[in-house]
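# Structural overview for review
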Amino acid sequence: MRRPSPAHRATAVVRPAGARGVARAAAPLLTGLLAASLVGCSGSTVEAPAAEDATDPGCAAVLVLLREVGDLGGLPRVASTGQSTAAWASADRSRQVVLRCGVPLPGPTTDACLSVDGVDWVASDPEGGPPWTTYGRAPATEVAVVGDVPAADVLPGLGGAVSALEPQRACS
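Only a predicted model underlies this, so the values are computations on that prediction, with no experimental measurement involved. (Residues numbered from 1 in each chain as written. Predicted model: local features only at pLDDT ≥ 70, side-chain atom pairs only at ≥ 80, totals over all residues. Heavy atoms only, no water.)

## Comments concerning the state of the cysteines
As used here, a disulfide is simply a covalent bond connecting the sulfur atoms of two cysteines. Counted according to the given criterion, the structure contains 2 disulfides. Note on cysteine connectivity: C59 is disulfide-linked to C101, with sulfurs 2.2 Å apart. Taking the torsion about the sulfur-sulfur bond, which here is approximately -85 degrees, the covalent link between C59 and C101 counts as left-handed. Of this pair, C59 sits in helix 2 (residues 57–66) while C101 sits in strand 5 (residues 96–103), and the two are 42 residues apart along the sequence. Residue C59 shares its accessibility class with C101, and that shared class is buried. The residue that forms a disulfide with C113 is C171, at a sulfur-sulfur distance of 1.6 Å. The sign of the S-S torsion, about 75 degrees, decides the handedness of the disulfide formed by C113 and C171: right-handed. Pair noted here: C113 is in strand 6 (residues 112–116) and C171 is in the segment after helix 3 (151–162), with a separation of 58 residues, a long-range link. (Disulfide = S-S within 2.5 Å. Helix = DSSP H or I, 4+ residues; strand = E, 2+ residues; numbered from the N terminus. Buried < 20%, exposed > 50% of the residue type's maximum accessible area, 1.4 Å probe, protein only.)

## What to know about unusual backbone geometry
Omega for the peptide link from P130 to P131 comes to 0 degrees, which places this bond in the cis form. Among the secondary structure elements, P131 is positioned in the loop between strand 7 (119–123) and strand 8 (132–134). Along the chain, A138 connects to P139 via a cis peptide bond; the corresponding omega equals 0 degrees. With respect to the element layout, P139 can be found in the loop between strand 8 and strand 9 (140–146).

## A word on the pattern of salt bridges
On inspection of all chains with the given rule, the structure shows 1 salt bridge. In this structure, E142 engages R100 in a salt bridge whose closest nitrogen and oxygen atoms are separated by 3.2 Å. With E142 in strand 9 and R100 in strand 5, the pair connects residues that are 42 residues apart, well separated along the chain. Here the two residues E142 and R100 agree in accessibility, since each one is buried. (Salt bridge = Lys/Arg side-chain N within 4 Å of Asp/Glu carboxyl O.)

Put into structure tokens, the structure is as follows:
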């Protein structure tokens, strides 16, 4: 049996490395094609930009638990575009709920705070309206709505998933 020459072995090692190089070069093109295909399906998805800390491992835990939430506030689950996001919407998109994990943590505040099933939510609206952001849990999760969707119809359904994140502070 004839042994391959050292040059032949080097060539065999170079080919797989070259294939990986081609795959790396093609990745941006494939990402662009995927993004273009999502734009073409915009009727079936909800635009939800990823938050700054969307890659936090805590967001992955929240999103895994959100798989259990099919309907929310009478709205069916729909696809969303950003990492660590989830959405529920009416067919005509006049009513939507969009969750984004990894938003900036709210600091001490005098904003309205709602405690729902052991999860504290800060409301940017003095009347307790949306968007709502978890308080005292990292990473923070924000819930925004379009249309008339009350907190009582939304926040209880999200508490189980957000409870995966340990509370570090509570509203007083």
